Amino acid sequence: MKSLMKKAALLSGMVIAIPAMSMAQDTVEAGVGADVVSSYIWRGQDLGGVSIQPSLSIAYKGFSLDAWGSVGIESADTKEFDLTLGYTTGGFSISVTDYWFTSKDDPAKYFHYGAHSTAHTFEAQIGYDFGPLALNWYTNFAGADGVNKDGDRAYSSYISAAAPFKLGGLDWTAEIGATPWANSFYNSWSSGFAVCDISIGATKEIKITDSFSIPAFAKATWNPRTEGAYFVFGLSF
């Protein structure tokens, strides 16, 4: 679920769903890239093994349209295709993301938008980047959202706080994320407020030649809700 393609967004969960551009442009800007990751960890959840995650973006005057995907090297891995429409001005950002998932064992049709049977999840995001700290709130409002304690739509939500800093010549990001109420969308099931992502990661440019380098990142994640721990390494192209 990917970010386009700020390193900080990469470190905060890969997927993202945060508009790529932090300042309005007077000209159209476009970008294309891909990450190769040792495992796909999103908001404290293990979503797959070694994966290739392509991205494509276009932005104009603060508005952005981003496409992001993930496909594992194992044929049985879930495949993902996300589209995000966002707007950013100053530190403020807002976006809507359409997540779509399918797999070899559970194939799904892309244009099937049944009210109670669909492989799409629609999420709204609002956030503000203060510089030393970025705060974001995400809420599912349609599609395959999950349910609450009563079996009704949960409007499953996720909140996060991320703080970038420099140490030892590297760019770091520390983050904490939680689900604020009961839902079956995150971590199989959460009965209430639950911290599910405590992570820290860093990025570094790996020099290949005098004129060419590849951005690399590593991130350690702990999920207190599931008692899981993950360590991911990735390369950006």
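Residues numbered from 1 in each chain as written. Predicted model: local features only at pLDDT ≥ 70, side-chain atom pairs only at ≥ 80, totals over all residues. Heavy atoms only, no water.

Caption draft 1: Here's a closer look at the packing of aromatic side chains. Inspection of every chain in the model, using the stated rule, returns 16 aromatic pairs. Ring centres of Tyr99 and Phe101 lie 6.4 Å apart, and the angle between their planes is 20 degrees; on these two criteria the pair is classed as stacked. Looking at Tyr99, the relative accessible area reads 1%, which means it is buried. Since its relative accessible area comes to 22%, Phe101 is described here as partly exposed. Among the aromatic residues, those joined into a ring-pair cluster are Trp42, Tyr99, Phe101, Tyr138, Tyr158, Phe185 and Tyr186. The cationic tip of Arg153 hangs over the ring face of Tyr155; the distance from NZ or CZ to the ring centre is 6.0 Å. (Phe/Tyr/Trp six-rings, centres within 6.5 Å; stacked < 30°, edge-to-face > 60°. Buried < 20%, exposed > 50% of the residue type's maximum accessible area, 1.4 Å probe, protein only. Lys NZ or Arg CZ within 6 Å of the ring centre and 35° of its normal.)

Caption draft 2: Spotlight on the pairing of strand E7 (residues 92-102). In terms of strand pairing, strand E6 (residues 79-89) meets E7 through 11 bridges, oriented antiparallel. When the sheet's bridge partners are listed, Asp82 is paired in E7 with Tyr99. Between E6 and E7, which pair antiparallel one after the other, the connecting turn spans two residues, and Gly90 there sits at a positive phi close to 60 degrees. (Pairing = 2+ DSSP bridges. Helix = DSSP H or I, 4+ residues; strand = E, 2+ residues; numbered from the N terminus.)

Caption draft 3: Geometry of the pairing of strand E13 (residues 212-223). Pairing geometry for strand E12 (residues 194-209) and E13, over 11 bridges, is antiparallel. Within E13, the position partnered with Ile200 by the bridge is Ala220. Linking E12 back to E13 in an antiparallel pair, the connection comprises two residues. For E13 and strand E14 (residues 228-236), the ladder comprises eight bridges, and the chain directions are antiparallel. The partner of Ala220 across the bridge, within E14, is Phe231. Connecting E13 to the antiparallel partner E14 that follows it, the hairpin turn spans four residues, and Glu227 within it adopts a positive phi of roughly 60 degrees.

Caption draft 4: Region of the structure containing the pattern of salt bridges. By the definition in use, this model includes five salt bridges. The residue Asp145 makes a salt bridge to Arg153 at a minimum N-O spacing of 3.9 Å. (Salt bridge = Lys/Arg side-chain N within 4 Å of Asp/Glu carboxyl O.)

Caption draft 5: Seen up close, the sheet that holds strand E8 (residues 120-129). The strand order around the closed barrel formed by 12 strands is E1-E4-E5-E6-E7-E8-E9-E10-E11-E12-E13-E14, and the pairing between neighbours is antiparallel. The mean inter-strand angle of the sheet, taken between neighbouring strand axes irrespective of direction, is 20 degrees. (Axes fitted to C-alpha atoms, helices over the stretch in contact; angles between N-to-C directions.)

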